Amino acid sequence: IQALMNAGKFDDALAKINDALTRNPDNAYLWMLRSMPYQVKGDKVTALDDMEHALALYPDNYLLRKCLALLSEKYGFLDKSEQQFRAVMELIPNQPQGYYDLANFLAAHCPEARDKAAELARRALELYVSDADKAKAEQLLTRLQSVPAQ
């Protein structure tokens, strides 16, 4: 299936995924995978529906939640996106990426939440262990501190 998508054969990939789903309709991975060709084809509704279906099957999967958050953000459903970013942070409270992702989202879309975004970025910075990840959080924090308060 991945080879078909890599080759741009999205209809063929969808046919294979749909066939697999008839045999295994409760496979969250297949529903997530099915959303990808729809994303490429520009079918926002089906792409989001499939991702939500995957999440309904596996609600504690933070990666599915992050995918739904990113997809919702991409399509302009910012309330849904923020809700999913917050859920990711709650699912993995000791992991810096959830804090960083929500801080980054707030910085991009909620200028009035600049202080909250900075607080989240500082928390991510406390939790990060890799220098590259720390640098990413520090850059976000610097960007947030250089923007005047709203």
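From a predicted model like this one, the values you see are computed outputs, not experimental measurements.

Before going further, it helps to examine the environment of lysine 74. Of note, lysine 74 is situated in helix H5 (residues 62-74). Residue lysine 74 is classed as exposed on the basis of its relative accessible area, which comes to 57%. With 30 residues separating them in the primary sequence, lysine 74 and lysine 44 have C-alpha atoms 9.6 Å apart.

Pairs of aromatic rings are described using the distance from one ring centre to the other and the angle between the two planes. Tallied over the entire structure, the rule returns one aromatic pair. Geometrically, the ring pair formed by phenylalanine 85 and phenylalanine 105 is tilted, given 5.5 Å between the ring centres and 45° between the ring planes. Placement of phenylalanine 85 in helix H6 (residues 78-91) and of phenylalanine 105 in helix H7 (residues 96-109) is noted, with a sequence separation of 20 residues between them. For the cation-ring pair, lysine 136 lies above tyrosine 100, with the distance from its terminal atom to the ring centre recorded as 4.8 Å.

End to end, helix H4 (residues 44-57) covers 20 Å across 14 residues, agreeing with the expected 20 Å (1.5 Å per residue, within 8%). Those residues of H4 lying buried are Thr46, Ala47, Leu48, Asp50, Met51, Ala54 and Leu55. Elements in contact with the buried residues of H4: helix H3 (28-41), H5 and H6.

End to end, helix H9 (residues 131-146) covers 22 Å across 16 residues, agreeing with the expected 22 Å (1.5 Å per residue, within 8%). Those residues of H9 lying buried are Ala137, Leu140, Leu141 and Leu144. Each buried residue of H9 sits inside an arc of 100° when the element is viewed along its axis, so together they form one side. Of the exposed residues in H9, the ones pointing more than 90 degrees away from its buried face are Asp131, Ala132, Gln139, Thr142 and Ser146. Where H9 is buried, its residues contact H7 and helix H8 (114-127).

Relative orientation of the contacting elements H8 and H9 amounts to 160°, with a least axis distance of 9 Å. Taken together, the axis directions place H8 and H9 in an arrangement best described as roughly antiparallel. For the pair H8 and H9, the sense of crossing is left-handed. Along its contact with H8, which presents Arg114, Ala117, Ala118, Ala121, Arg122 and Leu125, the element H9 presents Lys134, Ala137, Glu138, Leu140, Leu141, Leu144 and Gln145. For the contact of H8 with H9, a count of residues per class yields eight nonpolar, one polar and four charged.

Each value, and the rule that gives it
- Residues numbered from 1 in each chain as written.
- Predicted model: local features only at pLDDT ≥ 70, side-chain atom pairs only at ≥ 80, totals over all residues.
- Heavy atoms only, no water.
- Helix = DSSP H or I, 4+ residues; strand = E, 2+ residues; numbered from the N terminus.
- Buried < 20%, exposed > 50% of the residue type's maximum accessible area, 1.4 Å probe, protein only.
- Phe/Tyr/Trp six-rings, centres within 6.5 Å; stacked < 30°, edge-to-face > 60°.
- Lys NZ or Arg CZ within 6 Å of the ring centre and 35° of its normal.
- Expected span 1.5 Å × (residues − 1).
- Contact = heavy atoms within 4.5 Å.
- Arc of directions from axis to C-beta.
- Axes fitted to C-alpha atoms, helices over the stretch in contact; angles between N-to-C directions.
- Parallel < 35°, antiparallel > 145°, perpendicular 65-115°, else oblique.
- Left-handed = near helix turned anticlockwise from the far one by under 90°.
- Nonpolar A, V, L, I, M, F, W, Y, C, P; charged D, E, K, R; others polar.

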